[in-house]
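One letter stands for each residue in the lines below.
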Amino acid sequence: LNKDFFQLQTFFSNLEIIQNFILQNFFISIFIVILLYSFLIMCNFPFASLLSMINGFLFGTWIGGALSIVGGTIGALGVFLIAKFFFLDFIKRKFLNKYSYIENYFNKNDLELMILIRIIPGIPFFLQNLILSGLGANNKKFIYTTLIGLAPWSFIFGSIGQGLEDIFINKTQLTFALITQPEYMVSLSIIILLIILVLIFKKNFKETT
C-alpha cells in the first residue's frame, strides 16, 4: 500500500528518532519489532534478509538476530497454518505433484528436510512455508525446526547489520581486526558449517532418491 515507507532512505532519515525511541522504550521496541517482522513475513515481504540486517543495525548481532528468529517463526507459523487448513489441496497440485521425490524424502527424513529447507539458500521463505504445509508437517516440529533453521541466517544478517553501524555510524575502519571480533567470527563459522551441511545433505539426498 505504501512502498516508499519501506525504503532504506525512509529508515535512515528517521534513524535518530528510532534510536531515541529504542533507548527510552527498549522492551516496547522489542515487541513492536517482533510484531512488524512477523506481520511482514505473513505478507510475503520480499526482503526478509534486509529486515534482519536492520534488526542487527538497531539492536546488535545477538539481540537483533534473536528478534529475527522469533518474528520470523511467528510469521512463518501464520503462513503455514493458513496454507495447511485452507490451501492444502491446491499446494499439493501446484507444487508437490511435480516433485514427488521431495515428499518421498520427507516421509523418510522429515526433521532433516524441515531444517535443511530453512538453511539452504535459494528457496524463498514464503515458498518454504507453503511446501512444508503441503507436506503435512507436524505443527510442533515446524515451530522448533524453524527456530533452529532460522538461527544461522538471522545471526549472519544481524552481524552484517551491526557491521554497517560500525562502518557508517561509528566511522570504524574496515580492517582485519574488525572482522576478527567475536560476533563476526561466529557468523563466518556459521557460514562454513552451513556449507558442510549442504554438502552432506546433497550426498544423503542422492542416496535416498
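Treat the numbers as computed from the prediction; the structure is a model and nothing was measured.

Each value, and the rule that gives it
For every chain, the first residue of the written sequence is number 1, and numbering continues from 1 along that sequence. With the structure being a predicted model, the display of local features is reserved for residues of pLDDT at least 70 and the display and counting of side-chain atom pairs for 80 or more, all residues being used for whole-chain, interface and lining totals. Neither water nor hydrogens contribute to the side-chain values; these are computed over all heavy atoms in the structure. Joining through side-chain atoms within 4.5 Å is the link that ties buried Ala, Val, Leu, Ile, Met, Phe, Trp, Tyr and Cys residues into a set, and such a set is a nonpolar core. Relative accessibility thresholds used throughout: buried, under 20% of the residue-type maximum; exposed, over 50%; partly exposed, between the two (1.4 Å probe, protein chains only). Only DSSP runs of H or I with at least four residues qualify as helices, and only runs of E with at least two residues qualify as strands; both kinds are numbered from the N terminus onward. Contacts are assigned to residue pairs with any non-hydrogen atoms lying within 4.5 Å of each other. Interaxial angle, 0 to 180 degrees, is taken between N-to-C directions of lines fitted to C-alpha atoms, where a helix line uses only the stretch in contact. Oblique is the label for every angle not falling under 35 degrees (roughly parallel), over 145 degrees (roughly antiparallel), or within 65 to 115 degrees (roughly perpendicular). We call Asp, Glu, Lys and Arg charged. Ala, Val, Leu, Ile, Met, Phe, Trp, Tyr, Cys and Pro are nonpolar, and the rest, Gly among them, are polar. Salt bridge, as applied in this entry: a Lys or Arg side-chain nitrogen positioned within 4 Å of an Asp or Glu carboxyl oxygen. Stacked, tilted and edge-to-face pairs are distinguished by plane angle, under 30 degrees for stacked and over 60 for edge-to-face with tilted covering the rest, among Phe, Tyr and Trp rings (Trp via its six-membered ring) whose centres lie within 6.5 Å.

Draft legend 1. Inspection of the nonpolar core at higher detail. In this structure, Phe106, Met114, Leu132, Leu135, Ala137 and Phe142 are the most contacted members of the largest nonpolar core, which totals 19 residues. At the level of elements, helix H3 (26–42), helix H5 (61–86), helix H7 (100–108), helix H8 (110–119), helix H9 (125–134) and helix H10 (139–169) are the ones that each hand at least two residues to this core. When near neighbours in sequence (up to four residues on either side) are disregarded, methionine 114 contacts Phe106, Leu132, Ala137, Asn138, Lys141, Phe142 and Thr145. Counting residues in hydrophobic clusters, the runner-up holds 11 residues, among them Phe11, Ile30, Val33 and Ile34.

Draft legend 2. Up close: the packing of helix H2 (residues 15–24) against H3. Packing of H2 against H3 brings their axes to within 5 Å, and their N-to-C directions diverge by 120 degrees. Taken together, the axis directions place H2 and H3 in an arrangement best described as oblique. Contacts between H2 and H3 pair Phe21, Ile22 and Gln24 from the former with Phe26, Ile28, Ser29 and Ile32 from the latter. Across the contact of H2 with H3, the residue classes break down as five nonpolar, two polar and no charged.

Draft legend 3. Quick look at the pattern of salt bridges. Counted by the stated rule, this structure contains one salt bridge. Across the pair lysine 141 and aspartate 110 runs a salt bridge, and its minimum N-O distance is 2.8 Å. Taken together, the positions of lysine 141 in helix H10 and aspartate 110 in helix H8 put the pair 31 residues apart, joining distant regions of the chain.

Draft legend 4. Structural view of the side chain of threonine 146. Position of threonine 146 among the secondary structure elements: in helix H10. Taking relative accessible area as the criterion, threonine 146 reaches 0% and is therefore assigned buried. Not counting residues within four places of it along the chain, the set of residues in contact with threonine 146 comprises Thr73, Ala76 and Arg118.

Draft legend 5. Representation of the packing of aromatic side chains within the structure. Enumeration over the complete set of coordinates arrives at five aromatic pairs. The interplanar angle of 80 degrees and the centroid separation of 5.5 Å between the aromatic rings of phenylalanine 26 and phenylalanine 27 together place this pair among those described as edge-to-face. Owing to a relative accessible area of 70%, phenylalanine 27 belongs among the exposed residues under this scheme. An aromatic cluster is present here, built from Phe26, Phe27 and Phe59 joined pairwise through their rings.

What is shown is where atoms sit, not what they do.
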